[in-house]
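Summary of the model geometry
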Amino acid sequence: MPKKYKLMERAESFDSLLNFANTKSLKPGYDGLTPLAYSQDTGFHIYAELRPPLDLSAAEDPKNAVEYLQTINKFAQIAEATAAPYSAKILEVQGEIIHFFMPCLCEKQTVAQVIVFAKELHDNVKESVSDDPFVMACDHGQTIFVLEGNGSNQSMVSLSPAANAPAKHLGRNPDQSVNIPSRNLRMRREHLELLGLNVDGRKAWDDVPLERIPKQAEALAARQFNFSDRRQQLLESANESIRAYKPTIMRFSANEAVGYDTGSADVNHPAVIQGFFMRADLDGFTSAIETAFKAGPAGIFQLVTRFSELLEFANEYIEASRSFSTITKLPWAGDCSNLLISPTQETYEAAQTYLPVKLGARWHDQAKANADWDKHFGDAKWAVVVAGGTDSKDGDTGNNGKTLVAKISLNHRDFLIAAGWSVGRSLDAFTAGPKKEDIVVHKTDLTCLNADLQKKFSPMTAYKIFYRARVTMDELRADAEKAHKEKNSGVYTSAGVSATLIKRPHAR
């Protein structure tokens, strides 16, 4: 498959990369390839996570999904306004998680600045957005940023241990002892020690209560920063935007997907898409990032080159899937690809009997078919989660694959986000600890699979609502042929699993 991107020959400054993102100025050249820009900088990666209740984060009806979009829109507006005086930039809005970057050295003053920023964001979110549980985490370090795409589904990907480490502390881990308590900021012990704080020497990380931050941090920040007027102006602007928000409740059709142009979808008029939400996370890529930084400029360029291959990998998958689906690509979250996939050869209900497994099997097989995979990525392998849901009235069963997609518009950038049961549950599945080459489904989707496919799955230890399996496309073809012979049924063949419609992915 022809490549889509051309890696730029030199790194841009971080501000230039943001300008590319804001102005959407990276257009295809005469060779038809879109420039892939990257940058290198050092600073604090800061994550803020709002934890709305499950009936919003994994909404099973359109009213709750719209309410979720409204909440995230408020969250993003307030986050942008709060971050501006601290020179913190929003890199990604990933639903209820917002990722900031604050360029700076790691010093006593900047640690204090991060804590005061976290305190102010906490207070503003609690006052203007929601009283739901709220946590933050951060780390400092060198980072490579890669900008992919144009428009609201563009990705500003951070390749850095400093971006990966705090992200792993977010979410609801099955081990409750490692969860961040609500209204706390998690930081490395050595960063807190710069302020002269007493921390537990046995812990690598510790939590700072955001309702009563250390006086040392307040005193340092007060001496260095004086921006109360600017802060008030920005917050008032954000609150005005929130007050003007008037969501439109979308009506889902009974039996078919309602399609809209996601490029024009916003929080007032979200797109409604029926299908499966798929997340593919590259387990083991973190070590490649650490190795690249140790190798210096040559290692960093090689890292960006390798990551560009992952971006092309996803593009190849999307292109190879056009014969039986349409795919909406949402922004990457680090080395995690996010896709919303709608069947086009049959109804959603017919696709439920096999497609979640086929989607995962195709992704894994494409990696195995790449002759250079081990050479370039070592033992890094994908874990894939696919979620859809049913129209059952039972609890935690979804909304029959219906997902809202909308554009969150901030001052300089747009962010495409998705809301619905499949989105929330596909994210939750990663807290259950999927392994390399796993395909993971929720128990609701498991019950919709063909009986032979159900037998291939086993419950996961951490969360037994999720099930894992390892299935190849060859196995799926064999199952389809067996079903066709024994039952004389065209379900699988017409669904696109037969050899005539599915070809083994080729190596690039």
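Here goes a summary of the coordinates provided.

Reading the values: rules and limits
Residues numbered from 1 in each chain as written. Predicted model: local features only at pLDDT ≥ 70, side-chain atom pairs only at ≥ 80, totals over all residues. Heavy atoms only, no water. Disulfide = S-S within 2.5 Å. Phe/Tyr/Trp six-rings, centres within 6.5 Å; stacked < 30°, edge-to-face > 60°. Helix = DSSP H or I, 4+ residues; strand = E, 2+ residues; numbered from the N terminus. Buried < 20%, exposed > 50% of the residue type's maximum accessible area, 1.4 Å probe, protein only. Lys NZ or Arg CZ within 6 Å of the ring centre and 35° of its normal. Pairing = 2+ DSSP bridges. Salt bridge = Lys/Arg side-chain N within 4 Å of Asp/Glu carboxyl O. Axes fitted to C-alpha atoms, helices over the stretch in contact; angles between N-to-C directions. Parallel < 35°, antiparallel > 145°, perpendicular 65-115°, else oblique. Left-handed = near helix turned anticlockwise from the far one by under 90°. Contact = heavy atoms within 4.5 Å. Nonpolar A, V, L, I, M, F, W, Y, C, P; charged D, E, K, R; others polar. Arc of directions from axis to C-beta. Expected span 1.5 Å × (residues − 1). Polar contact = N/O pair within 3.5 Å; in protein donor to acceptor, adjacent residues only side chain to side chain.

**Structural notes on the state of the cysteines**
Using the criterion set out here, one finds 0 disulfides in the structure. Cys-106 provides the cysteine sulfur closest to Cys-138, a residue in no disulfide bond, and the two sulfurs are 9.0 Å apart.

**Considering the packing of aromatic side chains**
Per the stated rule, a full pass over the model turns up 18 aromatic pairs. When the centroid spacing of 6.4 Å and the interplanar angle of 50° are considered together, the rings of Phe-285 and Phe-377 count as tilted. Taken as a pair, Phe-285 in helix α9 (residues 285-294) and Phe-377 in helix α13 (residues 373-377) lie far apart in primary sequence, 92 residues in all. Look at Phe-285 and you get buried, because its relative accessible area is 3%. Between Phe-313 and Trp-373 the ring centres are 5.6 Å apart and the planes differ by 55°, which places this aromatic pair in the tilted class. With Phe-313 in helix α10 (residues 297-320) and Trp-373 in helix α13, this pair connects stretches of sequence that are 60 residues apart. Both residues of the pair, Phe-313 and Trp-373, belong to the buried class. The ring centre of Phe-324 lies 3.4 Å from the NZ or CZ of Lys-358, which sits over that ring.

**Things to note about the sheet that holds strand β13 (residues 381-387)**
Read from one edge of the open sheet, 7 strands run β11-β12-β10-β13-β16-β18-β17, paired in mixed fashion. Lying at the two open borders of the sheet, with one neighbouring strand each, are β11 (325-333) and β17 (458-459). Taken together, the 2 bridges between β17 and strand β18 (residues 466-469) define a ladder with antiparallel strand orientation. Within β18, the position partnered with Pro-459 by the bridge is Tyr-467.

**Comments concerning the pattern of salt bridges**
By the definition in use, this model includes 21 salt bridges. Asp-123 is paired through a salt bridge with Lys-119; the nearest N and O atoms lie 3.3 Å apart. Of this pair, Asp-123 and Lys-119 both sit in helix α4 (residues 108-128), separated by 4 residues, roughly a single helical turn. On the basis of relative accessibility, which here comes to 30%, the residue Asp-123 falls in the partly exposed class. Accessibility expressed as a relative area gives 18% for Lys-119, which makes it buried. For the salt bridge of Asp-452 with Lys-455, the shortest nitrogen-to-oxygen distance reads 4.0 Å. Judged by its relative accessible area of 26%, Asp-452 is partly exposed. For Lys-455, a relative accessible area of 68% puts it in the exposed group. Overlapping salt bridges, with partners in common, bring together Asp-396, Arg-425 and Asp-428 in one network.

**Remarks on the packing of α9 against α10**
Two elements in contact, α9 and α10, have axes whose closest approach is 7 Å; the angle formed by their N-to-C orientations is 150°. Overall, the two elements α9 and α10 adopt an arrangement that is roughly antiparallel. Classified by chirality, the crossing of α10 by α9 is left-handed. Contacts between α9 and α10 involve Phe-285, Ala-288, Ile-289, Ala-292 and Phe-293 from the former and Gly-299, Ile-300, Leu-303, Phe-307 and Leu-310 from the latter. Residue classes in the contact of α9 with α10 are distributed as 9 nonpolar, 1 polar and no charged.

**Considerations on the sheet that holds strand β14 (residues 402-409)**
Here we have 3 strands laid out as an open sheet, ordered β9-β14-β15, and antiparallel in their pairing. Each of the sheet's edge strands pairs with one partner strand only, and the pair in question is β9 (271-274) and β15 (414-419). Put simply, the sheet's adjacent strands are angled 30° from each other on average, direction ignored. Both β9 and β14 contribute to a ladder of 4 bridges, which runs antiparallel. Looking at the pairing, Ala-271 lines up with Val-405 of β14. Across the face of the sheet, helix α3 (residues 62-83) comes into contact with β14 and β15 while running at roughly 20° to β14.

**Quick notes on α9**
Within the sequence span of α9, burial applies to Phe-285, Ile-289, Ala-292 and Phe-293. For α9, the buried positions fall inside an angular range of 95° around the axis, keeping them on one side. Seen from the open side of α9, the exposed residues pointing more than 90 degrees away from its buried face are Thr-291 and Lys-294. Gly-296 lies just past α9 and shows a positive phi near 80°.

**Some thoughts on α3**
Between its first and last C-alpha, α3 extends 31 Å over 22 residues, near the 32 Å set by a 1.5 Å rise per residue. Within α3, 18 of the 22 residues are buried, which leaves the element mostly enclosed by the surrounding structure. The N-capping residue of α3, defined by a side-chain oxygen 3.0 Å from the backbone nitrogen of Lys-63, is Asp-61.

**Here we look at the pairing of β18**
In the case of a regular strand, side chains alternate between the two sheet surfaces. In this structure, strand β16 (residues 439-442) lies alongside β18, joined through 4 bridges in antiparallel fashion. Following the sheet pairing, Ile-439 is matched in β18 by Ala-469. Connecting the antiparallel pair β17 and β18 is a turn made up of 6 residues.

**Brief notes about the environment of Phe-101**
Position of Phe-101 relative to the elements: it lies in strand β4 (residues 97-103). You can call Phe-101 buried: its relative accessible area is 0%. When the C-alpha positions of Phe-101 and His-45 are compared, they lie 4.7 Å apart, and in sequence the two are 56 residues distant. If we ignore the near neighbours within four places in the chain, the residues touching Phe-101 are Phe-14, Asp-41, Thr-42, Gly-43, Phe-44, His-45, Ser-87, Ala-88, Lys-89, Leu-91, Thr-143 and Phe-145.

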